[in-house]
Amino acid sequence: MLRWYKIDRALDLKDKGIVEYKTGRKTICLTWYEEQLYAFSRKCPHAGAPLKNGWCEDGKVICPFHRHEFDLLSGKGSPGQHNFIHIYPVKHEANAYYIGIETSFWQSLFG
């Protein structure tokens, strides 16, 4: 089940690079790239580096430690990496932005 969380002041995050954002029970990364808001895992799966210290270029988020690259649309790592980051869906509705977070059956019951 997908639960949608409102991103407070999403437009204020433009030109801030990659930021960590706590929503629900998760802390994720948010970034604006080419006028689109993206949400993804907060750590690189390779060595656990915080992606908030990375940057975006050519539609990819770049890890600050070993320069692993991940596609902002799919989360897939560059060829040869054999890893990926989780991409969270983002929607724009009624002048607000929302992140979709998967919840377990039990979380949906007891929230």
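Everything numeric here is computed off the predicted structure, so don't read it as measured data. Sequence order sets the numbering: in each chain, residues are counted from 1 along the sequence as written. The predicted nature of this model means local features are confined to residues of pLDDT at least 70 and side-chain atom pairs, given and counted, to a pLDDT of 80 or more, with totals for whole chains, interfaces and linings taken over all residues. The side-chain numbers reported here are obtained from all heavy atoms of the structure, hydrogens and water having been left aside.

1. Thoughts on the packing of aromatic side chains
Any Phe, Tyr or Trp ring, taking Trp's six-membered ring, that has another such ring centre within 6.5 Å forms a pair; planes under 30 degrees apart are called stacked, those over 60 apart edge-to-face, and the others tilted. Counted by the stated rule, this structure contains one aromatic pair. By definition, being over a ring means that NZ of Lys or CZ of Arg is both within 6 Å of the ring centre and within 35 degrees of the ring normal. Cation over ring: Lys-14 sits above Trp-32, and NZ or CZ is 4.7 Å from the ring centre.

2. Quick notes on the sheet that holds strand S10 (residues 96-102)
What the three strands build is an open sheet, ordered S1-S10-S9; its pairing is antiparallel. In this open sheet, the two edge strands, each paired with only one partner strand, are strand S1 (2-6) and strand S9 (90-93). When strand polarity is set aside, the average angle formed by the axes of neighbouring strands in this sheet is 35 degrees. Being paired, for any two strands, means DSSP has found at least two bridges between them. Each helix corresponds to a stretch of at least 4 residues labelled H or I by DSSP, and each strand to a stretch of at least 2 residues labelled E; elements are numbered beginning at the N terminus. In this structure, S1 lies alongside S10, joined through five bridges in antiparallel fashion. By the bridge assignment for S10, Tyr-5 is matched with Ile-99. All axes here are fitted lines through C-alpha atoms, helices being fitted over the stretch that makes contact, and every angle between N-to-C directions spans 0 to 180 degrees.

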